[in-house]
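Below are the chains, spelled out letter by letter.
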Amino acid sequence: MNEKCTGGEALVAALRAHGTDTVFGIPGTHNLPVYAALARYGLRHVSPRHEQGAGFAADGWARVSGRPGVCVTTTGPALLNAATAAAQAYSDSVPVLFVSPGLPLRHPGRGNGFLHELKDQRAAFDAVVAYSHRVTSVEEIPLAVACAYAAMGTGRPRPVHLEIPLDLLDERAVAPPVAPVPLPPAVPSEPQIRAAARLLADSVRPVVIAGGGSSGAAAGLRALAERLGAPVVTTANGKGVFPDDHLLAVGAGLHHGAVHDLVRDSDAVVAVGTELAPSDLWAGPFEITGDLIRIDIDARSVITNALPDVAIVSDAATALTVLHRHLPERAVTAQGVGRAARARQERTAQARAEGADHLVLTEVLSRVLGREGILVGDSAMSCYYGALSNTPAYRPRSFLYPTGLGTLGYGLPAAVGAKLARPGAPVVALHGDGGLMFTVQELAAAAQLRLPLPVIVTDNGGYGEIRNEMAERGDAVHAVGLSAVDFPATARALGCHGLSAEDGDTLAHALEQALVADRPTLIHLPESAAR
């Protein structure tokens, strides 16, 4: 692009040059030059009904595709609407580029009541993303986009925000795209690899903990586990990176007592791409009595929550491949398979007891989703007590859940993004009745897209988790009961199918039909029917 273009066109051309083909967002008065360019450059635009939904959809797209999602908003309230989604992406290490106009370059420093004016929009968003950058010329826009993609692809992936002063969006200048920066994988330190190999070669009872940072390293993780004969347990965001039907698979859920016992009994622990965070462990840290080897792309995360005996700062796939080469050949031992089987049996029993109110649901999901399905959960009891540990997963990026920030309303819009990223895969959204109301309007967006997307709503009449916590504290239980909503009718009013399920058989039938329907289907599941 050696001719003059608008700032909006410079932005869109730069996005396209970095492989972006889908943008989530809502047009507004101040971002219209961006939308004019989107139409000319042929990028697919998806129109959620709220900017928070746009951010969550971009997050779901990024998690499933393995590429950065893009969310475009207008100024002020629109960008702030997307802040929760940006904070969730930051918490769970999801690369999403948020783009918004900003106030004009020569806007008065103390403001003058301009439409959508914030005191400091860039600084407000900087609090929830890796960084927020305000460009100062049309010529800078392609460079700013290239820097954002380089940042999202280097080290721990985090969301980034670019603010483009709205007067630059219509201003014209020569601003050719900047080519994507080649990003070689982070190579592990050879001395650290050798140190880890020595500890593992001498281990008798190793275990592997796989987090979301291992989602691109499934082959290396499996090879390492088989070489060591080590049971594998996964975090919520790591769920599926190690297939749940493997002989060494223990399953997901670090909080279970059986997993704590397994780690305590291990003489070597390999933690890959996980912070060992309280949001995964729930009841407190592991008691690690053996050697701890941590592999993480982030030098800070590798020493967070537990200090390792060996710290390997590297891309997980590269580190696991190199480490595997340094280990002596040894067959998967009966002891390793036996340890995994015992831990899996105990963890499964604990998971079923914990998720007793949701077992009908999880058993149906397990059958219907099969090996290729993607389950997108909200922060709901049916997800963290039910699906997390009671539905199997067989491939990376097949269980999406807002782990760290724990926001409500994530599931439906993130499922829209996931379905667009992998249209051939069965995708199911799972919500509670309280959480769905945070983003229920995105049923209309999904209907407009004609997505065959089942949305299961487990209904316990309000905020069940908070209700239980109030009771356990001995507090008065109040403000947690919600009046009944006719969810199927709401779905139909928003252009979807709406059904109710009374038991496992009707749920399974409804789910199978919804996966091949001509539009989304909301399936209302009363709590009594999920047991």
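Residues numbered from 1 in each chain as written. Predicted model: local features only at pLDDT ≥ 70, side-chain atom pairs only at ≥ 80, totals over all residues. Heavy atoms only, no water.

> Please set out the environment of Gln-335 residue by residue, giving values where relevant.
Tracing the backbone through its elements, the reader meets Gln-335 in helix H14 (residues 334-354). Remark: the alpha-carbon pair of Gln-335 and Leu-436, spanning 101 residues in sequence, is separated by 45 Å. Discounting chain neighbours no more than four positions away, the residues touching Gln-335 are Val-204 and Arg-205. Engagement of the side chain of Gln-335 in a polar contact is seen with the backbone oxygen of Val-204, the distance being 2.8 Å. (Helix = DSSP H or I, 4+ residues; strand = E, 2+ residues; numbered from the N terminus. Contact = heavy atoms within 4.5 Å. Polar contact = N/O pair within 3.5 Å; in protein donor to acceptor, adjacent residues only side chain to side chain.)

> Could you give me a rundown of the environment of Val-272, with the residues and numbers involved?
Tracing the backbone through its elements, the reader meets Val-272 in strand S12 (residues 268-272). Linking Val-272 and Ile-293, residues 21 residues apart in sequence, is a C-alpha distance of 8.4 Å. Among residues more than four places away in sequence, those in contact with Val-272 are Val-208, Ile-209, Ala-210, Gly-211, Ser-214, Leu-221, Ile-295, Ala-316 and Leu-320.

> Describe the sheet that holds strand S15 (residues 374-377), with residues and values.
Overall, parallel pairing links the six strands, which are arranged S16-S15-S17-S18-S20-S19 in an open sheet. Lying at the two open borders of the sheet, with one neighbouring strand each, are strand S16 (399-400) and strand S19 (497-500). One ladder, built from six bridges, connects strand S18 (residues 454-459) with strand S20 (residues 521-526); its direction is parallel. Across the sheet, residue Pro-454 finds its bridge partner in S20, namely Thr-521. Lying on the sheet, helix H22 (residues 504-514) is in contact with strand S17 (427-432), S18, S19 and S20; it crosses S20 at an angle near 165°. (Pairing = 2+ DSSP bridges. Axes fitted to C-alpha atoms, helices over the stretch in contact; angles between N-to-C directions.)

> Break down the side chain of Arg-158 for me, with residues and values.
Of note, Arg-158 is situated in the loop between helix H7 (140-153) and strand S7 (160-165). Despite being buried, Arg-158 has no salt bridge partner; Asp-298 is the closest side chain of opposite charge, sitting 4.6 Å away. At a separation of 2.4 Å, a polar atom in the side chain of Arg-158 contacts the main-chain carbonyl oxygen of Tyr-90. Other than its neighbours up to four places away in sequence, Arg-158 contacts Tyr-90, Ser-91, Ser-93, Val-94, Pro-95, Val-96, Ala-130 and Met-152. (Buried < 20%, exposed > 50% of the residue type's maximum accessible area, 1.4 Å probe, protein only. Lys, Arg positive; Asp, Glu negative; His and termini not counted. Salt bridge = Lys/Arg side-chain N within 4 Å of Asp/Glu carboxyl O.)

> Tell me about the packing of aromatic side chains, residues and numbers included.
Taken as a whole and judged by the stated rule, the model has seven aromatic pairs. Here the aromatic rings of Phe-24 and Trp-61 are separated by 6.4 Å at their centres, their planes lie at 65°, and the arrangement is edge-to-face. Residue Phe-24 is found in strand S2 (residues 22-25), and its partner Trp-61 is found in helix H3 (residues 51-65); the two are separated by 37 residues along the sequence. The same class applies to Phe-24 as to Trp-61, namely buried. Where Phe-399 meets Tyr-401, the ring centres are 6.2 Å apart and the plane angle is 20°; that geometry is what we call stacked. Each member of the pair, Phe-399 as well as Tyr-401, is classed as buried. An aromatic cluster is defined as three or more aromatic residues linked by ring pairs; in this entry it consists of Trp-282, Tyr-384 and Tyr-385. (Phe/Tyr/Trp six-rings, centres within 6.5 Å; stacked < 30°, edge-to-face > 60°.)

> So what's going on with the sheet that holds S2? Residues and values would help.
Judged by pairing direction, the sheet is parallel, and its six strands sit side by side in the order S3-S2-S4-S5-S7-S6 without closing on themselves. Both outer strands of the open sheet, strand S3 (44-46) and strand S6 (131-134), are each paired with one neighbouring strand and no more. Strand-to-strand twist across the sheet, computed as the mean angle between neighbouring axes with direction ignored, equals 25°.

> Provide a residue-level description of the pattern of salt bridges, including the pertinent values.
For the structure on display, the rule yields 24 salt bridges. A salt bridge links Asp-92 to Arg-63; the shortest N-O distance between them is 3.0 Å. Note that Asp-92 is positioned in the loop between helix H5 (83-91) and strand S5 (96-102) and Arg-63 in helix H3, a separation of 29 residues in sequence. Here Asp-92 matches Arg-63 in class, with each residue buried. With its nearest N and O atoms 3.1 Å apart, the salt bridge here joins Arg-222 to Glu-226. Of the two residues, Arg-222 and Glu-226 are both situated in helix H10 (residues 218-228); the distance of four residues between them amounts to about one turn of the helix. Residue Arg-222 is classed as partly exposed on the basis of its relative accessible area, which comes to 38%. Look at the salt bridges and you will find they share partners, linking Arg-156, Glu-275, Asp-298 and Arg-300 into a network.

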